[in-house]
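Examining the three-dimensional arrangement
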Amino acid sequence: DSGVTQTPKHLITATGQRVTLRCSPRSGDLSVYWYQQSLDQGLQFLIQYYNGEERAKGNILERFSAQQFPDLHSELNLSSLELGDSALYFCASSPRQGGMSEAFFGQGTRLTVV
Amino acid sequence: DQQVKQNSPSLSVQEGRISILNCDYTNSMFDYFLWYKKYPAEGPTFLISISSIKDKNEDGRFTVFLNKSAKHLSLHIVPSQPGDSAVYFCAASLYSPGNQFYFGTGTSLTVIP
């Protein structure tokens, strides 16, 4: 158990819908990172938050948004869903801002868009 | 465009032998590299890192080699154990320690007892 909790584990939804993925970081971790892993692809960096503020942005679509709340949990909102958004979405947390080598990943949320 | 490539989707090795996992990258500005291990139904776990100022980093049975001129890195596992069977990802960042990492597609390693 990495200490990073992602909910839900699985999600099936229809095209055009909106979903929210939730991530609870390890206790004491201030950074949260979101990654998307599509079929046969490497993990694609989406966005990072540190202590409530956006710190780095990757290839995140405009239909996607994220935030980190005062209690440090984070949510990734995906709207106007398309079939191509079906993927495994990982959240990771670390104590520091640039701490991927110290980061722990959650088990991921598998999103299926039908 | 995949900036980090792992061209071998899978690798099988006998227990006790050396496993060599390879990773190539296209962006010469990458400065910091990580290797992750991933078991089924789990998130990736950090394994070992290397900065571009080094060409080798060791941690127990795991050694990472970096060849900047060839834009190539490799992970050596010696000796390989059945518990090493997992998917291995390499990742690269433009600076150290880095926030945004570019991941390869992974190599599935099977260590045969």
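Keep in mind that this is a model prediction, so the values were computed, not measured. (Residues numbered from 1 in each chain as written. Chains lettered and ligands numbered in written order. Predicted model: local features only at pLDDT ≥ 70, side-chain atom pairs only at ≥ 80, totals over all residues. Heavy atoms only, no water.)

1. Some thoughts on the state of the cysteines
For the coordinates displayed, the defined rule picks out 2 disulfides over all chains. The side chain of Cys23 of chain A participates in a disulfide bridge whose partner is Cys91 of chain A; the two sulfur atoms lie 1.7 Å from each other. In this structure the cystine formed by Cys23 of chain A and Cys91 of chain A twists about its S-S bond by roughly -45°; its chirality is therefore left-handed. Within this pair, whereas Cys23 of chain A is found in strand β3 (residues 19–24), its partner Cys91 of chain A is found in strand β9 (residues 87–94), the two being separated by 68 residues in sequence. Like Cys23 of chain A, the residue Cys91 of chain A is buried in the burial classification. With a sulfur-sulfur separation of 1.9 Å, Cys23 of chain B is cross-linked through a disulfide to Cys90 of chain B. The disulfide joining Cys23 of chain B to Cys90 of chain B has a torsion of about 70° about its S-S bond and is therefore right-handed. In this pair, Cys23 of chain B sits in strand β3 (residues 19–25) while Cys90 of chain B sits in strand β9 (residues 86–93), placing the two residues 67 residues apart along the sequence. Owing to a relative accessible area of 1%, Cys23 of chain B belongs among the buried residues under this scheme. We classify Cys90 of chain B as buried; its relative accessible area is 0%. (Disulfide = S-S within 2.5 Å. Helix = DSSP H or I, 4+ residues; strand = E, 2+ residues; numbered from the N terminus. Buried < 20%, exposed > 50% of the residue type's maximum accessible area, 1.4 Å probe, protein only.)

2. Quick notes on the nonpolar core
Of all hydrophobic cores here, the largest spans 23 residues; its most connected members are Phe33, Trp35, Leu73, Leu75 and Tyr88 of chain B. The set of elements that each furnish at least two residues to this core consists of β3, β4 (32–38), β5 (45–51), β7 (62–67), β8 (72–77), β9 and β11 (107–112) of chain B. At 4 residues, the largest contribution of residues to this core is made by β9 of chain B. Counting 20 residues, the second largest nonpolar core, distinct from the first, contains Leu21, Ile47, Tyr49 and Leu111 of chain A. (Core = buried A, V, L, I, M, F, W, Y, C linked by side-chain atoms within 4.5 Å.)

3. Overview of the sheet that holds strand β1 (residues 4–5) of chain B
Residues and elements named next belong to chain B. With antiparallel pairing, 5 strands are arranged side by side in an open sheet as β1-β3-β8-β7-β6. On the outer flanks of this sheet lie β1 and β6 (56–59), each paired with one strand and no other. As paired elements, β1 and β3 share 2 bridges and run antiparallel to each other. Among the inter-strand pairings, Lys5 is bridged to a residue of β3, identified as Asp24. (Pairing = 2+ DSSP bridges.)

4. Points about the pattern of salt bridges
If the charged atoms of two oppositely charged side chains come close together, the side chains can form a pair. Residue and element names in this part refer to chain A. Evaluation of the coordinates by the stated rule reveals 7 salt bridges over all chains. Note that Arg63 is salt-bridged to Glu82, the shortest N-O span being 3.7 Å. Here Arg63 is found in the loop between β6 (53–57) and β7 (64–68), whereas its partner Glu82 is found in the loop between β8 (74–78) and β9, with 19 residues between them in sequence. Salt bridges sharing partners connect three or more residues here, namely Arg63, Glu82 and Asp85. (Salt bridge = Lys/Arg side-chain N within 4 Å of Asp/Glu carboxyl O.)

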